[in-house]
Amino acid sequence: MALPPPSPHVLRYRPLPLSLLWRRHGDQTLTGLRLAWWVSLAASVLLGLATVAFGWSGLSLRFGGANLHLTVYPPLTLCTLWVLCVGFWWGAIPAYLATLLLALQAGMAPEWAVVFALSNPLGYFVLAVAYRAVQMPVPPRTGSAVLFFVAVAFIASVFGATGSFIWSYTGQVGPEAAFAIWQGWWLGSFLQTLVFVGPLLAWLGPQAMVWRDAQLPRHADQLLPRWQLFAASLLGVGGVLIFLWLSFHLGRGAWSALPAPTSADDARRLLQLVNEYTLAVYWIITVLTLAVLFLGHHFFTHWTGALERARERTAVERDLAVQRHHEAELARQELAARIEEIQLLQAQLREQAVRDPLTGLYNRRHLQDALPRELKRAHRAGAQVAVVVMDLDHFKRVNDEHGHAMGDHVLQAVADLLQAQTRAGDFCARYGGEEFCLVLPGASASQTVARLHLLQQTYAELCVEHSGTRLNGLGFSAGVAVYPQDGDNDSALLNAADNALYRAKAEGRNRICLAAKA
Ligand SMILES: Nc1nc2c(ncn2[C@@H]2O[C@H](COP(=O)(O)OP(=O)(O)OP(=O)(O)O)[C@@H](O)[C@H]2O)c(=O)[nH]1
């Protein structure tokens, strides 16, 4: 039959979960799988019972110095196919039930039957672990897959044949018969796997596994946990050692049970028996050694390949992480620069919001915020605060006679003067068009008047120059109110200072009036 070549990954042992048997699923193929499994279960049980009912003990054969019956047990073939194509539990459960019922029907005590029935699942466990560890394609279609299949089938048969001891013990057979049963059991199971399971697996396996793979989520090859690799190696080595020990031990028991040779012919026959037995063990060990060498090589190349791929993936991921880290660092720096710009702009905006654009002095809004704070501080310290409202005299004339630009220059000159002649902690604001406000914490009325006189003098001597025009001899009037005597809050103080200014203007300008003298 022409098959599309499935990838080796698809053909590996990848078990379907047993929960598919009862999980609610509308898929028709799954319904088919469930049906097939139940039919297989029934067939395994019936075939097992038939083996006992018809008293079929297999094929007679002489091997390794013993006359034996090759035990051919049909459920074994069926269940092995389930294990390898679908998963361990799918084959182990029918095999267990079939063997259990067979043993009970054959008259074995139930307490022994439940243990006896575990032998075939034990062999399947070895198969499943080996295929999972080495990740060899399951259908024996290539030389290496065939060799692997033969080696693993041998070890699994040895484990699966451990039930023969319970059979021999409960049947109370002698050492010679026990030896023959053991040989017939593992050899029968081994040959049956090679002759029936192998070809069926090579023929039908790929189709079954392509279907099975479609039911499973895709995943990259995962490294087995270390303990599973260790368990797989232990099972392999353990299987060979068990085989050797049992063969020698049972063989010795069988020969010891023979009557002592009384003639040269008897001695020759015994010698020939030992010779046959030794040769059989020799060939088996030779085949096994070759298989173990091959398996070791395959195991090594598979896992070093997987490790190399994992290393490459890690290297690519590490490079990506480094690149992402670098990009994140650049983005972080960019963000930090933007935040700094924004903070600068915010500071500028905050400053612009409280400054008068022409003179650079604080504006009236800021004065309204700052003056109450200053008064509170003075209240706590029990100090005075002088509030001055000053107005340039005849400023309209300056504008009218020399132009608005000259007026602006005068305003800027006054602002510079105020800032130059006030102390740190004093506070100047542009209060209105040509009105200014000074806040002098700690200053008394007389100290304020003295400083204002000085300012008037400097202002009068000031020469403002613009477009070739020089202007001097200017004056201003001011009203002074002092906290707390002239008012206990900002608006009362500003009103008092304003009223005093009004008086100064009324009294002829270029003078300073105190609110207290009103
Ligand atoms: N150049 C200029 N002039 C301004 C500005 N703000 C207000 N003024 C002018 O200042 C003048 C104020 O005039 P008035 O209120 O009559 O006061 P005054 O001429 O100084 O007279 P008195 O205060 O009574 O001495 C007006 O001509 C306003 O146009 C400004 O920012 N720049």
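Predicted model only: the values in this text are computed from it and were never measured.

On to the overall build of the protein, then. When its secondary structure is counted, the protein shows 15 helices and nine strands. Pairs at least 24 apart in sequence give 74% of the contacts found in the protein among residues at least 6 apart. Accessible surface for the protein amounts to roughly 27,700 Å². Of this, 63% is attributable to carbon and sulfur atoms.

What follows deals with the site of the ligand. Residues in contact with the ligand amount to 16 residues; listed here are only the nearest, Phe395, Lys396, Asn399, Asp408 and Arg430. In this structure, an oxygen atom belonging to the ligand sits 3.1 Å away from a main-chain N or O atom of Leu392. Contact between the ligand and Phe395: an oxygen atom at 2.7 Å from a main-chain N or O atom of the residue. Here the ligand has 670 Å² of accessible area as a free molecule, and 68% of this is covered by the chains. Secondary-structure elements contributing two or more residues to the shell around the ligand are β3 (385-392), α12 (395-402) and α13 (404-421).

Adjacent strands of a sheet form backbone hydrogen bonds with each other and so pair up, either parallel or antiparallel. Strand order in the open sheet made by the five strands is β4-β5-β3-β8-β9, with mixed pairing throughout. Strand pairing shows two members of the sheet lacking a second neighbour, β4 (427-430) and β9 (512-514), which therefore form its edges. On average, adjacent strands in this sheet sit at an angle of 20° to one another, irrespective of strand direction. With four bridges connecting them, β4 and strand β5 (residues 435-441) associate as antiparallel partners. Looking across to β5, one finds that Arg430 is bridged to Phe436.

To continue, consider the confidence of the model for the protein. Caution applies to low-pLDDT regions: their predicted coordinates should not be interpreted in detail. Averaged over all residues, the pLDDT of the protein is 86; the fraction at 70 or higher stands at 92%. Complex prediction metrics read pTM 0.53 and ipTM 0.95.

Moving on: the UniProt feature "coiled-coil region" (unreviewed entry) in the protein. UniProt annotation of "coiled-coil region" (unreviewed entry) refers to residues 325-352 when read in the numbering used here. Taken end to end, residues 325-352 is 100% helix and 0% strand, and its two terminal C-alpha atoms sit 40 Å from one another.

Here we take up the pairing of β5. Burial of β5 is extensive: six of the seven residues sit out of reach of the surface. Bridge count for β3 against β5 is seven bridges, and the pairing is antiparallel. From the neighbouring strand, Val385 faces β5, where its bridge partner is Pro441. Counting the residues that bridge the hairpin from β4 to β5 gives four residues.

We now examine the environment of Thr193. Inspection of the secondary structure puts Thr193 in helix α8 (residues 175-214). Measuring from C-alpha to C-alpha, the distance between Thr193 and Ser157 comes to 8.6 Å, with 36 residues separating the pair along the chain. Every residue in contact with Thr193, bar those within four places of it in the chain, is listed here: Leu76, Phe149, Ala153 and Gly198.

Under the 1.5 Å per step criterion, the end-to-end length of helix α14 (residues 445-461) is 24 Å for 17 residues, consistent within 8% with the ideal 24 Å. Of all the residues in α14, the buried ones are Thr448, Val449, Leu452, Leu455, Gln456 and Tyr459. Mapping the buried residues of α14 onto a view down its axis gives an arc of 120°, with all of them on the same face. Across from the buried face of α14, at angles greater than 90 degrees, the exposed residues are Ser446 and Glu461. Buried residues along α14 sit against β3, α13, β5, β8 (476-483) and β9.

This part is about the packing of helix α11 (residues 364-381) against helix α15 (residues 490-506). Here α11 crosses α15 at 105°, and the two axes come no closer than 9 Å. It follows from the interaxial angle that α11 and α15 lie roughly perpendicular. Of the residues in α15, those in contact with Leu367, Gln368, Leu371, Pro372 and Leu375 of α11 are Asp490, Leu493 and Leu494. Grouping the amino acids of the contact of α11 with α15 by side-chain chemistry returns six nonpolar, one polar and one charged.

Moving on: the packing of helix α1 (residues 28-53) against helix α3 (residues 88-105). Two elements in contact, α1 and α3, have axes whose closest approach is 8 Å; the angle formed by their N-to-C orientations is 25°. The orientation of α1 with respect to α3, classified from their angle, is roughly parallel. When the axes of α1 and α3 are compared, the crossing they make is right-handed. Only Trp90, Ile93, Pro94, Leu97, Ala98, Leu101, Leu102 and Gln105 of α3 make contact with α1, whose side of the interface consists of Leu33, Trp37, Leu41, Ser44, Val45, Gly48, Leu49, Thr51, Val52 and Ala53. Across the contact of α1 with α3, the residue classes break down as 14 nonpolar, four polar and no charged.

Right, let's get into the packing of aromatic side chains. Between two aromatic rings, the relevant description is the distance of the centres plus the angle of the planes. A complete count under the given rule lists 14 aromatic pairs for this structure. With a centroid separation of 5.0 Å and 75° between ring planes, the pair formed by Phe88 and Trp89 is classed as edge-to-face. For Phe88, a relative accessible area of 14% gives the class buried. The structure contains a cluster of three or more aromatic residues connected by ring pairs, namely Trp37, Trp38, Trp82 and Trp90. The ring centre of Tyr362 lies 4.0 Å from the NZ or CZ of Arg355, which sits over that ring.

Relative to the helices and strands, Gln215 is located in the loop between α8 and α9 (226-257). Here Gln215 falls in the partly exposed class, since its relative accessible area comes to 25%.

A few words now on unusual backbone geometry. Pro484 follows Tyr483 through a cis peptide bond whose omega is 5°. Locating Pro484 in the fold gives a position in the loop between β8 and α15. For His394, which is not a glycine, the phi torsion comes out positive at approximately 50°. By the element assignment, His394 lies in the loop between β3 and α12. Even without being a glycine, Asn510 presents a positive backbone phi close to 50°. Owing to a relative accessible area of 46%, Asn510 belongs among the partly exposed residues under this scheme.

About the thresholds
Residues numbered from 1 in each chain as written. Predicted model: local features only at pLDDT ≥ 70, side-chain atom pairs only at ≥ 80, totals over all residues. Heavy atoms only, no water. Helix = DSSP H or I, 4+ residues; strand = E, 2+ residues; numbered from the N terminus. Contact = heavy atoms within 4.5 Å. Areas by Shrake-Rupley, 256 points an atom, 1.4 Å probe, with all protein chains shown as cover. Near = heavy atom within 4 Å. Polar contact = N/O pair within 3.5 Å; in protein donor to acceptor, adjacent residues only side chain to side chain. Pairing = 2+ DSSP bridges. Axes fitted to C-alpha atoms, helices over the stretch in contact; angles between N-to-C directions. pLDDT = per-residue confidence, 0-100. UniProt positions renumbered as here; feature names shortened; annotations may be inferred. Buried < 20%, exposed > 50% of the residue type's maximum accessible area, 1.4 Å probe, protein only. Expected span 1.5 Å × (residues − 1). Arc of directions from axis to C-beta. Parallel < 35°, antiparallel > 145°, perpendicular 65-115°, else oblique. Nonpolar A, V, L, I, M, F, W, Y, C, P; charged D, E, K, R; others polar. Left-handed = near helix turned anticlockwise from the far one by under 90°. Phe/Tyr/Trp six-rings, centres within 6.5 Å; stacked < 30°, edge-to-face > 60°. Lys NZ or Arg CZ within 6 Å of the ring centre and 35° of its normal.

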